[in-house]
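Report on the structure
The primary structure of each chain is shown beneath.
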Amino acid sequence: MRLDKFICKSTELTRTEAKRLLKSGKVSVNGEISKNAAMQVHENNDISLDGQSLVARQSRYIMLHKPLDTICSNVDEGYPSLFHLIDVDKAFDMHVAGRLDADTTGLVLVTDDGRWSHNIISPKKQCEKVYRVWLRDKVKTDSVEKFKAGVQLQGENSLTLPAKLIIVHDKEVLLTITEGKYHQVKRMFAAIGNKVVGLHREQIGQIKLAELPIGEWRYLTKDEVSEFC
């Protein structure tokens with residue numbers, strides 16, 4: 001993780017205060033003074049403040065049922081940030097592993113462990129995300145094969161990775177993808193001449209939203225966390 005973030009995780013300082021502290025030359029990494037806030041450090045490095053070793057707090061892993069008209073940003077921008085819903089210390093120092101749009105509901109995973117979230121959002125990791133999609137028009141049966149083969153999104157040079165489409169009703173489907181391109185689900189259906197009118201994420205990897213009420217959250221279990229380690 002970044003050195004300034006490590007300082008925040010091992011003290012009560014804000015990110016701004018940590019950067020100011022680094023400029024003062026009071027922080028050392030493995031015996032060498034470091035003023036670089038973006039320096040990448042690990043838990044096994046010897047990081048000291050005024051000669052006192054720092055120990056980062058344990059990372060946190062949370063699942064939340066995102067309501068409509070909230071955003072996954074750490075600041076309010078037109079809509080309120082979903083981090084207002086999470087009643088933990090320094091919630092706004094965490095981040096969402098795979099953001100959802102303001103008009104999309106469902107499962108989000110929240111953490112302060114960057115390596116863990118990378119295993120969720122990186123297409124190379126092939127982490128499946130399952131969405132329930134409601135459409136303007138009746139879905140055509142040949143859409144299943146089109147999505148399996150990959151579709152051409154506007155502005156992209158290559159096809160999407162193979163996706164699994166299950167038709168639930170005429171205008172309702174379950175879609176499983178392993179990517180997270182900008183507005184991907186909406187753009188995929190636009191590419192085949194349809195329009196998404198409702199979108200809800202039900203599952204990430206083996207973690208399911210299940211019966212968690214809208215706007216509620218809980219910590220992940222050790223087994224759930226290990227799913228992406």
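The structure under discussion appears in the preceding block.
Each chain has its residues counted from 1, running along the sequence as written. Selection of residues for local features in this predicted model requires a pLDDT of at least 70, selection of side-chain atom pairs for listing and counting requires 80 or more, and totals for whole chains, interfaces and linings are taken over all residues. To get the side-chain values, all heavy atoms of the structure are used, and hydrogens and water are removed first.

What follows concerns the overall build of the protein chain. Counting its secondary structure elements, the protein chain contains 6 helices and 13 strands. Projected onto the principal axes, the alpha-carbon positions of the protein chain cover approximately 65 × 35 × 35 Å. Counted over contacts in the protein chain with a minimum sequence separation of 6, partners at least 24 positions apart contribute 62%. Summed over all atoms, the accessible surface of the protein chain reaches about 12,500 Å², with 50% contributed by carbon and sulfur. Taking the average place of the 34 positive charges on the side chains of the protein chain and the average place of its 31 negative ones, the gap between the two points comes to 4 Å. A helix here means a DSSP run of H or I that spans at least four residues, while a strand means a run of E at least two residues long, and both kinds are numbered starting from the N terminus. Contacts were defined at the residue level, with two residues in contact if any of their heavy atoms lie within 4.5 Å. For every accessible area listed, the method is Shrake-Rupley and the probe measures 1.4 Å; residues are considered covered only by the protein chains on display. This count recognises Lys and Arg as positive and Asp and Glu as negative, with His and chain-terminal groups excluded. Each charge is placed at NZ for Lys, CZ for Arg, CG for Asp and CD for Glu.

Close approach of charged atoms allows side chains with opposite charge to pair. What counts as a salt bridge is simple: a side-chain nitrogen of Lys or Arg found within 4 Å of a carboxyl oxygen of Asp or Glu. Enumeration according to the criterion identifies 15 salt bridges in this entry. Salt-bridge contacts for Arg 2 lead to Asp 4; the nearest nitrogen and oxygen are separated by 3.0 Å. We call a residue buried when its accessible area falls under 20% of the maximum for its residue type, exposed when it is over 50%, and partly exposed in between, using a 1.4 Å probe and counting protein chains only. The class for Arg 2 is partly exposed, based on a relative accessible area of 30%. When its relative accessible area of 0% is taken as the criterion, Asp 4 is described as buried. Where Lys 186 meets Asp 103, a salt bridge forms, and the shortest distance between an N and an O atom there is 2.9 Å. With Lys 186 in helix H5 (residues 184-191) and Asp 103 in the loop between strand S6 (95-96) and strand S7 (105-111), this residue pair connects regions lying 83 residues apart in the sequence. Take Lys 186: its relative accessible area is 24%, and that puts it in the partly exposed class. Taken together, the shared-partner salt bridges connect Glu 156, Glu 179, Lys 181 and Arg 187 into one network.

The next subject is H5. Here H5 has its buried residues at Gln 184, Val 185, Arg 187, Met 188 and Phe 189. Looking at the buried side of H5, the elements it contacts are strand S8 (129-135), helix H4 (143-149), strand S9 (164-169), strand S10 (172-177) and strand S11 (196-204). Taken from the residues just after H5, Gly 193 is the one with a positive phi, measuring 85°.

What follows covers the sheet that holds strand S1 (residues 27-29). What the 4 strands build is an open sheet, ordered S2-S1-S3-S4; its pairing is antiparallel. Taken across any chain shown, the strands that pair with only one partner, and hence form the sheet edges, are strand S2 (32-33) and strand S4 (52-53). Only when DSSP finds a minimum of two bridges between them are two strands counted as paired. Relative to strand S3 (residues 47-49), S1 runs antiparallel, the two sharing 3 bridges. Within S3, the position partnered with Ser 28 by the bridge is Ser 48.

Bringing the environment of Pro 80 into the picture now. Relative to the helices and strands, Pro 80 resides in the loop between strand S5 (61-66) and S6. In this structure the C-alpha to C-alpha distance between Pro 80 and Gln 52, which are 28 residues apart in sequence, comes to 39 Å. Look past the residues within four positions of Pro 80 in its chain and what remains in contact with it is Asp 69, Thr 70 and Ile 71.

Let us look at the layout of surface pockets. Gaps left between atoms show up when a probe the size of a water molecule is rolled over them. Here the largest pocket defines a volume of roughly 500 Å³. Using protein atoms alone on a 1 Å grid, points that fit a 1.4 Å probe yet trap it form a cavity, whereas open point sets bounded by protein on both sides within 12 Å along at least five of seven lines form a pocket; residues with an atom within 4 Å of a point count as lining. Lining of the largest pocket is provided by 24 residues; of these, Arg 99, Leu 100, Asp 101, Gly 180 and Lys 181 occupy positions nearest its centre. Contributions of two or more residues to the lining of the largest pocket are made by S8, H5 and S11. Here the lining of the largest pocket takes 3 residues from H5, the largest share from any one element. Grid points are joined across faces, edges and corners, and a volume is the space filled by probe spheres set on the points.

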